[in-house]
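# Notes for the structure review
One-letter residues, chain by chain:
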Amino acid sequence: MNKIEKLIQKLPKAELHLHIEGSFEPELMFAIAKRNNINLPHDSVESLQATYEFNNLQEFLDIYYQGVNVLQTQQDYYDLTWAYLLKAQADNVVHTEIMFDPQSHTERGISIDTVINGIHQALVDAQTQLGISSFLIFSLLRHLSEQECLETLEQAVPHLDKIKAIGLDSSEMGHPPEKFTKLYKRAEELGLLKIAHAGEEGPPEYVWSAIDVLGIDRIDHGNRCLEDDNLVEYIKQKSLTLTVCPLSNLKLRVVDDLTHHPIKIMLDKGLNAMINSDDPAYFGGYVNDNFFAVADALDFSEEDIVQLVKNSFTGSFLSKDKIKEHIAQVDKLL
Ligand code: ADE
Ligand code: ZN
């Protein structure tokens, strides 16, 4: 490990953009498929992994939704979440805000209680056994209708004590934020915070409307905001954090090469950007692998790493006091 990598490993950090279904490693997928008597369309981990080559977001999503199909019992959701939490602990993640896609489960007849209770129990155990705090984010699929999303959101009502925010993911192009105006109003009535994927593949206009129409508290990805200087200023004025996912951007061809990744430009412009793994089982690594990859490609300084790590706490939905405590802990280690 070089000096920068050692610093990355040493510093406690938060992860704010992680789809729990995207942390489903092939080995665990085969094990769960076997105990649920489900035949996967691949006969080995290697042949499944050979399909993990994507030209765009949609090609990835088609494979990601297939993988989800083997999840059935509360134990399956617990095991999926616990496996991610162990990886997070190894990377010195001390706080995580994870998304799940309820519709990818409920549309197969799995009850929302099974999904939420399984994930939630692992998160509770992570606090006591691994020292990792967390929030859960209820993420709706934007390729579905707003009405379907509203109906799914109502199913969250008995579980509001376990859910911090609403999110919006899946196919971005052709599904602009304003399609979900009523959904986000309803989420606000329910007391949820609000985030949305915006500007991953979609244009700067989608980032504008995620902010102005949906009233989001944080932006997932946001890469394409850099095409609009006024938007960059607006995001800074509103102190909105961008949850950036470098290896995801590379695998989904949002960038052609990590040496062209915009994270350094974002920092230099004073944007509150931070680093995440998105769907680590599919994109080649967990949060520290993402740090290592961009630190190498963009020749990051120690100051860049410290800034990114501090941004990860500033952008979290933790209380101001907790954020201060985490940042003080980072400073103590420098
Ligand atoms: N669902 C899982 N990962 C996603 C991503 N990177 N963009 C949109 N939807 C997703
Ligand atoms: Zn994502």
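Residues numbered from 1 in each chain as written. Chains lettered and ligands numbered in written order. Predicted model: local features only at pLDDT ≥ 70, side-chain atom pairs only at ≥ 80, totals over all residues. Heavy atoms only, no water.

## Some points on the nonpolar core
- In terms of nonpolar packing, the biggest core is built from 110 residues, with Ile235, Tyr282 and Ile305 touching the most fellow members.
- Sorting elements by how many residues they give to this core places helix α7 (residues 112-130) first, with 8 residues.
- Other than its neighbours up to four places away in sequence, Tyr282 contacts Glu21, Gly22, Phe24, Met29, Tyr52, Phe54, Phe60, Ile63, Tyr64, Gly67 and Lys251.
- Met99, Ile137, Ala165 and Phe317 belong to the second largest nonpolar core, which has 5 residues in total. (Core = buried A, V, L, I, M, F, W, Y, C linked by side-chain atoms within 4.5 Å. Buried < 20%, exposed > 50% of the residue type's maximum accessible area, 1.4 Å probe, protein only. Helix = DSSP H or I, 4+ residues; strand = E, 2+ residues; numbered from the N terminus. Contact = heavy atoms within 4.5 Å.)

## Looking at the side chain of Glu200
- You can see Glu200 is positioned in the loop between β5 (193-198) and α10 (204-212).
- No salt bridge is formed by the buried Glu200, whose closest oppositely charged neighbour, Arg142, lies at an N-O distance of 6.9 Å.
- Within the structure, the side chain of Glu200 is placed 3.2 Å from the side chain of His221, a separation counted as a polar contact.
- Among residues more than four places away in sequence, those in contact with Glu200 are Leu57, Glu172, His221, Arg224, Ser248, Leu252, Val254 and Asp278. (Lys, Arg positive; Asp, Glu negative; His and termini not counted. Salt bridge = Lys/Arg side-chain N within 4 Å of Asp/Glu carboxyl O. Polar contact = N/O pair within 3.5 Å; in protein donor to acceptor, adjacent residues only side chain to side chain.)

## A word on helix α4 (residues 57-68)
- In this model, α4 (12 residues) spans 17 Å end to end at C-alpha, consistent with the 16 Å of a helix rising 1.5 Å per residue.
- Those residues of α4 lying buried are Leu57, Phe60, Leu61, Ile63, Tyr64, Tyr65, Gly67 and Val68.
- Buried residues along α4 sit in contact with β1 (13-19), α2 (26-35), α6 (103-106), β3 (133-141) and α14 (280-283).
- Residue Asn56 occupies the N-cap position of α4, its side-chain oxygen lying 3.2 Å from the main-chain nitrogen of Gln58. (Expected span 1.5 Å × (residues − 1).)

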